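# Report on the structure
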Amino acid sequence: MQRFHQKLHLLFAVRKVPETLSDEVLGKMGAPPKGDAPEITPQELAEADGVLFGFPTRFGMMAAQMKAFFDATGGLWREQSLAGKPAGIFFSTGTQGGGQETTALTAVTQLTHHGMVFVPVGYTFGAKLFDMETVHGGSPYGAGTFAGDGSRLPSEVELEHAFHQGKYFAGIAKKLKTTSSA
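Residues numbered from 1 in each chain as written. Predicted model: local features only at pLDDT ≥ 70, side-chain atom pairs only at ≥ 80, totals over all residues. Heavy atoms only, no water.

### As for helix H4 (residues 64-71)
- Residues Gln65, Met66, Phe69 and Phe70 constitute the buried set of H4. Down the axis, H4 shows its buried residues gathered within 140° of arc, on one side only.
- On its buried face, H4 is in contact with helix H3 (42-47), strand E1 (51-58), strand E2 (61-62), helix H5 (74-79) and helix H6 (100-114). (Buried < 20%, exposed > 50% of the residue type's maximum accessible area, 1.4 Å probe, protein only. Helix = DSSP H or I, 4+ residues; strand = E, 2+ residues; numbered from the N terminus. Arc of directions from axis to C-beta. Contact = heavy atoms within 4.5 Å.)

Below, the structure is given as structure tokens:
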């Protein structure tokens, strides 16, 4: 069990995809500074037991930087290195109508071509997903938040949904790994 726990730590390591825009363009857009997370390489996907992809939504689909990263995984696709690996999705949008579900639906095509096993959170989060009293992102496809202009932090419900998704995903990944190594 301890060995698997160590693997889960690697499974949930935070990485970012390479930026595709120049600093000049990012400055003109008023883009926030990038975090300290190291950039991921396609090979790291092949080494993981499963992957939870998180990304912002741009016009109802994943940001171009994420799509460019998936485009760079052609070698993994050719070898089917990701086939059978569990994958999940979480996302952020600027507005309530910003496309959280369309982002998930368009991202699933990337996972499908790789033969990955899509692990949606479904309605396992329970009644909080149905709460109409508070503004919150997320759906049966995955946890989500409304970022607004970038100044809004995730709500308590959004953070709980994200934690639930991570725990749920880890349980599925563990079952798949145990079954495949038996």
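### A short note on the environment of glycine 50
- Tracing the chain through its elements places glycine 50 in the loop between H3 and E1.
- For the pair glycine 50 and phenylalanine 169, spaced 119 residues apart in the sequence, the C-alpha separation amounts to 8.7 Å.

### What about the layout of surface pockets?
- There is about 180 Å³ of room inside the second largest pocket.
- Taken together, Gln96, Gln100, Glu101, Tyr123, Leu129, Phe130, His136, Gly137, Gly138, Ser139, Pro140 and Phe146 make up the full set of residues lining the second largest pocket.
- For the lining of the second largest pocket, the residue count by class is five nonpolar, six polar and one charged. (1 Å grid on protein atoms, 1.4 Å probe; cavity = no way out; pocket = protein on both sides within 12 Å on 5 of 7 lines; lining within 4 Å. Points joined across faces, edges and corners; volume = space filled by probe spheres on them. Nonpolar A, V, L, I, M, F, W, Y, C, P; charged D, E, K, R; others polar.)

### What about unusual backbone geometry?
- Phi angles above zero are rare outside glycine, and phenylalanine 59 is one such case at about 55°.
- Of note, phenylalanine 59 is situated in the loop between E1 and E2.
- A relative accessible area of 85% places phenylalanine 59 in the exposed class.
- Non-glycine residue glutamine 80 carries a positive phi angle of around 55°.
- For glutamine 80, a relative accessible area of 35% corresponds to the partly exposed category.

### Considerations on a nonpolar patch on the surface
- Together, Leu21, Val25 and Met29 make up a nonpolar patch on the protein surface, roughly 250 Å² of accessible area in all.
- Counting through the fold element by element, leucine 21 comes out in the loop between helix H1 (2-11) and helix H2 (23-29). (Patch = residues over 30% accessible without salt bridge, like charges linked within 9 Å, V, L, I, M, F, W, Y side chains within 5 Å. Areas by Shrake-Rupley, 256 points an atom, 1.4 Å probe, with all protein chains shown as cover. Salt bridge = Lys/Arg side-chain N within 4 Å of Asp/Glu carboxyl O.)

### Comments concerning the pattern of salt bridges
- Taken as a whole and assessed by the stated rule, the structure comprises seven salt bridges.
- We note a salt bridge from lysine 34 to glutamate 19, for which the minimum N-O separation is 3.2 Å. Note that lysine 34 is positioned in the loop between H2 and H3 and glutamate 19 in the loop between H1 and H2, a separation of 15 residues in sequence.
- Since its relative accessible area comes to 48%, lysine 34 is described here as partly exposed.
- Between aspartate 71 and lysine 67 there is a salt bridge, and its shortest N-O distance comes to 2.5 Å. Remark: lysine 67 and aspartate 71 occur in helix H4; sequence separation between them is four residues, near one turn of the helix.
- Judged by its relative accessible area of 33%, lysine 67 falls in the partly exposed class.

Everything listed here is a matter of coordinates, which is why it stays silent on function.
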